[in-house]
Amino acid sequence: KKPVTGSRKPMLAFGSGASLRMGCEAKGEVKDFIQRLHSERRTKLVLATTGAGSRVLSWLLNEPGASATILEGIVPYNRRALENLLRPAL
């Protein structure tokens, strides 16, 4: 996870991996991580994701405590929406 620079809002970037191909529900280590993340209540997230990465937002929101962690989640669906999100504010 690394900050994405040049954007209007701070965001986290998640690399793709085997965990993104698990299905509709978070399982195993991913689910454990999300539960710890929500229970600690220290981390606040603004998440922007595209494609298969949008599943991460679903996983985060489907666990108890999500409202304390997730401040905003957005899925820019088409190319123009993504470009507008990533364009530096003038």
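Residues numbered from 1 in each chain as written. Predicted model: local features only at pLDDT ≥ 70, side-chain atom pairs only at ≥ 80, totals over all residues. Heavy atoms only, no water.

Enquirer: How should the overall build of the protein chain be read in this particular structure?
Expert: Along its length, the protein chain carries 4 helices and 4 strands. What you see in the protein chain, going N to C, is helices and strands ordered as β-β-α-β-α-α-β-α. Counting only contacts in the protein chain whose residues sit at least 6 apart along the sequence, the fraction spanning at least 24 positions is 69%. If you sum the accessible surface of the protein chain, you get close to 6,300 Å²; carbon and sulfur atoms cover 54% of it. (Helix = DSSP H or I, 4+ residues; strand = E, 2+ residues; numbered from the N terminus. Contact = heavy atoms within 4.5 Å. Areas by Shrake-Rupley, 256 points an atom, 1.4 Å probe, with all protein chains shown as cover.)

Enquirer: How should I be thinking about the pattern of salt bridges in this particular structure?
Expert: In a structure, side chains of opposite charge can pair up when their charged atoms sit close to one another. Taken as a whole and assessed by the stated rule, the structure comprises 3 salt bridges. Between K31 and E63 there is a salt bridge; the shortest N-O distance is 3.6 Å. One end of the pair, K31, is in helix α1 (residues 28-40); the other, E63, is in the loop between α2 (54-61) and α3 (66-69), with 32 residues separating them in the sequence. Residue class for E63 comes out buried when judged on its relative accessible area of 10%. The salt bridge involving E40 is made with R42; its shortest N-O contact spans 3.1 Å. (Salt bridge = Lys/Arg side-chain N within 4 Å of Asp/Glu carboxyl O. Buried < 20%, exposed > 50% of the residue type's maximum accessible area, 1.4 Å probe, protein only.)

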